[in-house]
Amino acid sequence: MTSELVRNVVLVHGGFVDASGWREVHRLLTDDGFRVSVVRNPTLSLAGDVAVTERVLDALDGPAILVGHSYGGVVITEAGNHDRVAGLVYIAAFAPDKGESVNTLIADPEPGAPVPPVLPPVDGFLFLDRAEFHASFAADLPVAEAEFTADAQVPWGLDALGGAIGEPAWRHKPSWYLVATDDRMIPPPAQRAMARRAGCTVTGTDASHSVYVSRPDAVADLIRQATADAMDAV
């Protein structure tokens, strides 16, 4: 590509929630003239979610920054190998290496780390305990908004959690990471460790796991930085 800003941004949501949480980030970026696409993951399997993301990328008219929150980070790590991806932005997200999955990344938590209130699987799907959703997933959101999000949970398929990465795109594409310092789903030390391993440009903000909803300004700022810095990546 020529030396110009990357103008396409693709937003990928995580597990337990749908794509609507990206609304304010979408508004901030589209107001700046970006072409923003929002992926709706089925969250049945990693391969399926990667395929959906790749179809969105196929439809673009130029390079894009691929952004993932939480499990969305796993999706962008694989889908980021697409030719149109100029860079990856992780928002309080998993950033796995080759052969890793959500399951392997959460298998050995640090002593004292918060334990997400995941209920036992039912018919191959997971939910978070509604009573603990606010404190664990969305502590910095108003109670009513957190309760609505808890009631609107998307079942997260066990096959999605077990999906392993083939070739991590961060090995050969520039990456950025926003650490949510008050996250009780993915511990901040784990976020920093994954970001460091992936060679990400790292920033942080005081926010819960729902940082993309509670701090859309910080999220949009990092995406803007990525679109400027990645202009020669593809």
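Because the structure is a prediction, the values reported are computed rather than measured. (Residues numbered from 1 in each chain as written. Predicted model: local features only at pLDDT ≥ 70, side-chain atom pairs only at ≥ 80, totals over all residues. Heavy atoms only, no water.)

Participant: What am I meant to see in the environment of Arg84 here?
Facilitator: With respect to the helices, strands and loops of the structure, Arg84 is situated in the loop between helix 3 (72-79) and strand 4 (85-91). When the C-alpha atoms of Arg84 and Leu66 are compared, they prove to be 9.5 Å apart, with 18 residues separating the residues in sequence. Excluding its chain neighbours within four sequence positions, the residues that come into contact with Arg84 are Leu57, Asp58, Ala59, Leu60, Gly62, Pro63 and Ala64. There is a polar contact of 3.3 Å between the side chain of Arg84 and the backbone oxygen of Leu60. (Helix = DSSP H or I, 4+ residues; strand = E, 2+ residues; numbered from the N terminus. Contact = heavy atoms within 4.5 Å. Polar contact = N/O pair within 3.5 Å; in protein donor to acceptor, adjacent residues only side chain to side chain.)

Participant: Explanation requested: the pairing of strand 1 (residues 8-12) in the structure shown.
Facilitator: One face of the sheet, then the other: side chains in a regular strand alternate in exactly this way. Burial runs high along strand 1: 5 of the 5 residues are buried. Bridging between strand 1 and strand 2 (residues 35-39) involves 5 bridges; their strand directions are parallel. Paired with Leu11 across the bridge in strand 2 is Val38. Once the chain exits strand 1 it traverses helix 1 (residues 23-31) before rejoining the sheet at strand 2, and the crossover so formed is right-handed. (Buried < 20%, exposed > 50% of the residue type's maximum accessible area, 1.4 Å probe, protein only. Pairing = 2+ DSSP bridges. Right-handed = clockwise from strand over helix to strand, strands pointing away.)

Participant: When you look at the pattern of salt bridges in this model, what are you seeing that I'm missing?
Facilitator: Side chains that differ in sign of charge can pair as their charged atoms come close. Using the criterion set out here, one finds 8 salt bridges in the structure. For Arg27, the salt bridge is made with Glu24, and the minimal N-O distance between the two is 2.5 Å. Placement of both Arg27 and Glu24 in helix 1 is noted, with a separation of 3 residues, approximately one turn of the helix. One continuous salt-bridge network, built from bridges that share partners, spans Glu24, Arg27 and Asp31. (Salt bridge = Lys/Arg side-chain N within 4 Å of Asp/Glu carboxyl O.)

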